[in-house]
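Commentary on secondary and tertiary structure
Below are the chains, spelled out letter by letter.
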Amino acid sequence: MKIRILGCSGGACNDLRTTALLVDGDTLVDCGTGVGDLTLEEMAAVRHVFLTHSHLDHVLFLPLLSDAALASRNGPLTVHALQDTLSALSAHVFNGVLWPDYTRLPSPDQPYIRFAPVSLGQPVPLEGFRITPLPALHTVPAVGYLISNECAGFAFSGDTTYCEAFWDTLNGVENLRYVMVETTMRDADHAVAERSRHTTPRLLAQGMARLQRPARLLVTHIEPDKVEQVRAEVRAALGNTPVHFLTRGEVFEL
Ligand SMILES: [Zn+2]
Ligand SMILES: [Zn+2]
């Protein structure tokens, strides 16, 4: 299983892209601006999209992705997400105003997009791996995802503040190899982080202290103008715990 990081920034400018992970070429986890770097052929090969939540930086490219390869995609694009997230997409994106309702076009029985609600802890089996929704705490209904095969697991927090249930669930994953966690803001911005329900370096360290698995920590979703400060705070907060700060284009093999 190959996981390619298409976007891992808290914002989009210059060479920064918002959240998107490509798994084995046919599955996306989140659909931020990183998806815009795919070729048309790569877009056509995507059959599944898993969304962590409805915020724009994670769903922005879904309308364009669905449109880009309409003729060449073999069958519908299946969008997996919490029912609340799917309802938000229906109401605010695929509503016939902002974008056509591809869940009913070109015909309701053979649409371009198919919505598939997910539930916490219920794995969705795919070819060669499975994706399981993980608990998260954000300002809108949100999940993280565990992407796993027989050998190893790769957990992604999505957007969340410190969520005890997320870390406790990971403690039950025997072959956990990577934990990708958002750390959006500096500790100095903890009041804003609390309101917007994001993770700060102190909260990340709290989570890592709860984790009893020897997984490799990957940090993502840092605000573009605070990257150096957040990195320094994360290193200080974690002490001897190794950490890797994600950059766009990295590939992880499991
Ligand atoms: Zn968000
Ligand atoms: Zn976000």
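Notes on the structure follow. Fair warning: this is a prediction, and the values are worked out from it, not measured in the lab. (Residues numbered from 1 in each chain as written. Chains lettered and ligands numbered in written order. Predicted model: local features only at pLDDT ≥ 70, side-chain atom pairs only at ≥ 80, totals over all residues. Heavy atoms only, no water.)

Points about the sheet that holds strand β12 (residues 216-220)
Taking strand neighbours across the sheet as the criterion, the 7 strands line up as β7-β8-β9-β10-β11-β12-β13 in an open arrangement whose pairing is mixed. Whereas interior strands pair on both sides, the edge strands pair on one side only; in this sheet they are β7 (124-125) and β13 (243-245). Here β12 pairs with β13 via 3 bridges, running parallel. By the bridge assignment, Leu217 is partnered in β13 with Val243. (Pairing = 2+ DSSP bridges. Helix = DSSP H or I, 4+ residues; strand = E, 2+ residues; numbered from the N terminus.)

Considerations on the state of the cysteines
Throughout the structure, instances matching the rule amount to 0 disulfides. Among the cysteines around Cys13, which has no disulfide bond, Cys8 carries the closest sulfur, lying 12 Å off. Exposure remark for Cys13: the relative accessible area of 38% places this residue in the partly exposed category. (Disulfide = S-S within 2.5 Å. Buried < 20%, exposed > 50% of the residue type's maximum accessible area, 1.4 Å probe, protein only.)

A look at the packing of aromatic side chains
One pass over the full model with this rule turns up 7 aromatic pairs. Ring geometry for Tyr102 versus Tyr112: centroids 5.1 Å apart, planes at 85°, classification edge-to-face. Pair noted here: Tyr102 is in the loop between α4 (83-92) and β6 (113-117) and Tyr112 is in the loop between α4 and β6, with a separation of 10 residues, a long-range link. Tyr112 sits in the partly exposed class, given a relative accessible area of 27%. (Phe/Tyr/Trp six-rings, centres within 6.5 Å; stacked < 30°, edge-to-face > 60°.)

Describing the coordination of the zinc ion (ligand 1)
Within the protein, the zinc ion (ligand 1) binds to His53 (NE2), His55 (ND1), His138 (NE2) and Asp159 (OD); these donor distances fall in the range 2.2 to 2.4 Å. Geometry at the zinc ion (ligand 1) is irregular, judged from the 4 donor atoms that bind it and their angles of 90 to 167° at the metal. When the donor residues of the zinc ion (ligand 1) are listed from N- to C-terminus, their spacing reads H-x1-H-x82-H-x20-D. A separation of 3.7 Å is found between the zinc ion (ligand 1) and the zinc ion (ligand 2), which are bridged by Asp159. Of this pair, His53 sits in the loop between β4 (48-50) and α2 (56-59) while Asp159 sits in the loop between β10 (153-156) and α5 (164-171), and the two are 106 residues apart along the sequence. Across the pair, Asp159 and His53 agree in class, each one buried. (Donors = N, O, S within 2.8 Å, 3.2 Å for Na, K, Ca; no water. Tetrahedral: all angles 85-135°; square planar, octahedral: opposite > 155°, others 65-115°.)

Comments concerning the layout of surface pockets
Within this model, the largest pocket holds a volume of roughly 240 Å³. Along its surface, the largest pocket is lined by 15 residues, and Cys8, Leu16, Arg231, Leu246 and Thr247 are the ones closest to its centre. (1 Å grid on protein atoms, 1.4 Å probe; cavity = no way out; pocket = protein on both sides within 12 Å on 5 of 7 lines; lining within 4 Å. Points joined across faces, edges and corners; volume = space filled by probe spheres on them.)

Focus on the packing of helix α7 (residues 201-210) against helix α8 (residues 227-238)
At a minimum axis separation of 9 Å, α7 and α8 run at an interaxial angle of 35°. Here α7 and α8 pass one another in a crossing that is right-handed. Within the contact between the two elements, α7 uses Pro201, Leu204, Ala205 and Met208 and α8 uses Val230, Glu233, Val234, Ala237 and Leu238. Counted by class, the contact of α7 with α8 contains 8 nonpolar, no polar and 1 charged residues. (Axes fitted to C-alpha atoms, helices over the stretch in contact; angles between N-to-C directions. Left-handed = near helix turned anticlockwise from the far one by under 90°. Contact = heavy atoms within 4.5 Å. Nonpolar A, V, L, I, M, F, W, Y, C, P; charged D, E, K, R; others polar.)

Remarks on the coordination of the zinc ion (ligand 2)
Tetrahedral coordination by four donors puts the ideal angle at the metal at 109.5 degrees, and octahedral coordination by six puts it at 90 or 180 degrees. Every protein donor of the zinc ion (ligand 2) is accounted for by Asp57 (OD), His58 (NE2), Asp159 (OD) and His221 (NE2), and the metal-donor separations fall at 2.1 to 2.2 Å. One can describe the site at the zinc ion (ligand 2) as irregular: its 4 donor atoms subtend angles covering 92 to 163° at the metal. Written as a sequence motif, the donor residues of the zinc ion (ligand 2) are D-H-x100-D-x61-H. Classification of Asp57 as buried rests on a relative accessible area of 19%.

As for the nonpolar core
When a protein is soluble and globular, its nonpolar side chains tend to lie buried together. Within the largest apolar cluster, 26 residues are counted, with the highest numbers of intra-cluster contacts made by Leu21, Val29, Ile147 and Phe154. Of all the elements in the fold, those that place two or more residues in this core are β1 (2-7), β2 (20-23), β9 (143-148), β10 and β11 (176-182). Setting aside its immediate chain neighbours within four residues, Leu21 contacts Ile3, Arg4, Ile5, Thr27, Leu28, Val29, Asp30, Ile147, Phe154, Phe156 and Met180. Core analysis: the next-biggest nonpolar cluster, separate from the first, contains 25 residues, Ala155, Val173, Ala205 and Leu238 among them. (Core = buried A, V, L, I, M, F, W, Y, C linked by side-chain atoms within 4.5 Å.)

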